[in-house]
Amino acid sequence: MKGDTMREQYQRLGISQPVYQYGAEIEASLKERFARMDETAEYNQLKVIQAMQKHRVSAECFMATNGYGYNDLGRDTLEEVYASCFCGDAALVRPQITCGTHALALALLSNLRPGDELLSPVGKPYDTLEEIIGIRPSRGSLAEYGITYRQVELLADGSFDYEGIRNAINDRTRLVTIQRSKGYQTRPTFSVEQIGALTAFVKSVNPKVLVMVDNCYGEFVERREPLEVGADMMVGSLIKNPGGGLAPIGGYIVGKRECVENAAYRLTAPGLGKEVGASLGVMQSFYQGLFLAPVVTAGALKGAVFAANVYERLGFPVIPNGSESRHDIIQAVTLNTPQGLTAFCEGIQAAAPVDSYVTPEPWDMPGYDCPVIMAAGAFVQGSSIELSADGPLRPPYAVYFQGGLTWYHAKLGILMSLQKLYEAGLVSL
Ligand SMILES: *Cc1c(COP(=O)(O)O)cnc(C)c1O
């Protein structure tokens, strides 16, 4: 291998000279931005280590418990670590929380009571929340329990409609939900600072209202998290950022003790709360994943910014654009044609460490009105902190792209997507 160049190494994986060269130019232009992301990762890495030291994480914390899981040191200590790291009073971090949607449902169903009203001041929430709330009628929804819902749209420029929000808050408003990430919408993702301003406004109208932040995809992207700017609860998934790619399952709720306790009694049972819930041997991956999460998140973030710049300069609309500041790890690229969308996803798949030999095909996914194509070759099924892409096969043929456990893998995935578009004659370099 002596004398091998980086270009030859990429060539072995199928990246042609023009694609490699174009990617190298884009990467060179992002040097300063990447350095700032590394600084955020460094800051957050120290935050995590400090929390682990403070709560005296030890080898005993990694031991598996089973059955009821009474006195599970690893589980209880991890919850202290999460609370410290994210500046809450308490945390619930469990493998029994099956995904992000489950964590959000738990936070809402446990902190709202019949007669209460839930308010989203940031427009429509993430798709899977529609059934939790009962926007789309669903078994077990908040609506079935007599909990009503109101929504205030964002203004045309994506900012908060403060007047509308003031008018929507009433005697029954108990909880305000703020989704940090845009998810699959085209609005901008909110910064922690913006979340702070909105939280302060809500509390100025009625200090008793609880503010919950759907923090999915946002953890460790900035130095601060929503609890540091006044939110009462933040909620997310361990197969996204905070699991660092190692957590095989799980979700978390961090915040005010009262809110977390409510969630614990709902997750298990009244009277039991946090005292039960065996950790079944996943604790080491939860700790180690959290430890790696700041660096993993930075890698995914670099991939998103790289993709934005690669495709923006080729004339494809991208959200966020190549230069704007980032508050989550999702990147949307509008590819304009079904061939473009398919080629992009084929590239992401071909670059994966797992299942690289399969070809993604569009399929009729439940809940969608057109076929959806998805690409992922992940160690953990459905993990979206790992490199993955998906998009509905309908105009404007936008792909949503996220993750990458390492920046180098994210880079290979994006170059491979470009390679497939290049081979299909959809771009010229
Ligand atoms: C991913 C996500 C969810 C749901 O998480 P799942 O683990 O897919 O159930 C909720 N809200 C936002 C903003 C998300 O990105």
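These lines cover the structure that appears in this document, whether it is placed above or below. Bear in mind that the values here come from a model prediction, so they are computed numbers and not experimental data.

## Some thoughts on helix H5 (residues 100–111)
The terminal C-alpha atoms of H5 lie 17 Å apart, and with 12 residues this matches the ideal 16 Å at 1.5 Å per residue to within 8%. Most of H5 is tucked away, with 10 of its 12 residues classed as buried. Residues of H5 that are buried include every one of Gly 100, Ala 103, Leu 104, Ala 105, Leu 106, Ala 107, Leu 108, Leu 109, Ser 110 and Asn 111, and no others.

## Observations concerning the site of the ligand
Taken together, Cys 99, Gly 100, Thr 101, Leu 104, Tyr 126, Gln 179, Asp 214, Cys 216, Tyr 217, Ser 237 and Lys 240 form the complete shell of residues around the ligand. Contacts to the ligand include Thr 101, whose side-chain N or O atom sits 2.5 Å from an oxygen atom. Here Asp 214 contributes a side-chain N or O atom positioned 2.6 Å from a nitrogen atom of the ligand.

## Considerations on the pattern of salt bridges
A complete count under the given rule lists 17 salt bridges for this structure. Residue Glu 79 pairs with Arg 94 through a salt bridge whose shortest N-O separation is 2.7 Å. Here Arg 94 lies in strand E1 (residues 90–94) and Glu 79 lies in helix H4 (residues 73–85), a separation of 15 residues in the sequence. Lys 124 serves as the salt-bridge partner of Asp 127, at 3.0 Å between the closest nitrogen and oxygen. Overall, Lys 124 belongs to the partly exposed group, its relative accessible area being 29%. A single salt-bridge network, built from bridges that share partners, covers Lys 124, Asp 127, Glu 130, Glu 131 and Arg 136.

## Looking at the pairing of E1
Buried residues dominate E1, accounting for five of its five residues. Of the two faces of E1, the one lined by Ala 90, Leu 92 and Arg 94 and the one lined by Ala 91 and Val 93 are each fully buried. Alignment of E1 against strand E7 (residues 251–255), held across five bridges, turns out to be antiparallel. In the strand pairing of E7, Ala 90 is matched with Gly 255.

## What about the sheet that holds strand E9 (residues 331–334)?
Two orientations exist for strands paired in a sheet by backbone hydrogen bonds: parallel and antiparallel. Ordered in space as E8-E9-E12-E11-E10, the five strands form an open sheet in which the pairing is antiparallel. Each of the sheet's edge strands pairs with one partner strand only, and the pair in question is strand E8 (318–319) and strand E10 (372–376). Two elements, strand E11 (residues 388–392) and strand E12 (residues 398–402), share three bridges in a ladder whose sense is antiparallel. The residue bridging Ala 389 from the neighbouring strand is Phe 401, located in E12. On top of the sheet, helix H10 (residues 283–312) reaches E8, E9 and E12; it is set at about 15° to E9, its chief contact.

## Quick notes on the environment of Asp 72
Note on placement: Asp 72 falls in the loop between helix H3 (31–54) and H4. C-alpha of Asp 72 to C-alpha of Leu 272: the two residues are 200 residues apart in sequence and 14 Å apart in space. Among the polar contacts listed, one links the side chain of Asp 72 to the backbone nitrogen of Gly 74, at a separation of 3.2 Å. Reaching out from Asp 72, the side chain makes a polar contact with the side chain of Ser 279 at a distance of 2.7 Å.

## Notes on the sheet that holds strand E2 (residues 117–120)
Overall, mixed pairing links the seven strands, which are arranged E1-E7-E6-E5-E4-E2-E3 in an open sheet. Edge positions in the sheet fall to E1 and strand E3 (148–151), since each has one partner strand and no second. The average undirected angle you get between the axes of adjacent strands in this sheet is 20°. Each of E1, E2, strand E4 (173–179), strand E5 (210–214), strand E6 (233–237) and E7 touches H5; the most contacted strand, E6, lies at about 150° to it.

Rules used in this analysis
Residues numbered from 1 in each chain as written. Predicted model: local features only at pLDDT ≥ 70, side-chain atom pairs only at ≥ 80, totals over all residues. Heavy atoms only, no water. Helix = DSSP H or I, 4+ residues; strand = E, 2+ residues; numbered from the N terminus. Expected span 1.5 Å × (residues − 1). Buried < 20%, exposed > 50% of the residue type's maximum accessible area, 1.4 Å probe, protein only. Near = heavy atom within 4 Å. Polar contact = N/O pair within 3.5 Å; in protein donor to acceptor, adjacent residues only side chain to side chain. Salt bridge = Lys/Arg side-chain N within 4 Å of Asp/Glu carboxyl O. Pairing = 2+ DSSP bridges. Contact = heavy atoms within 4.5 Å. Axes fitted to C-alpha atoms, helices over the stretch in contact; angles between N-to-C directions.

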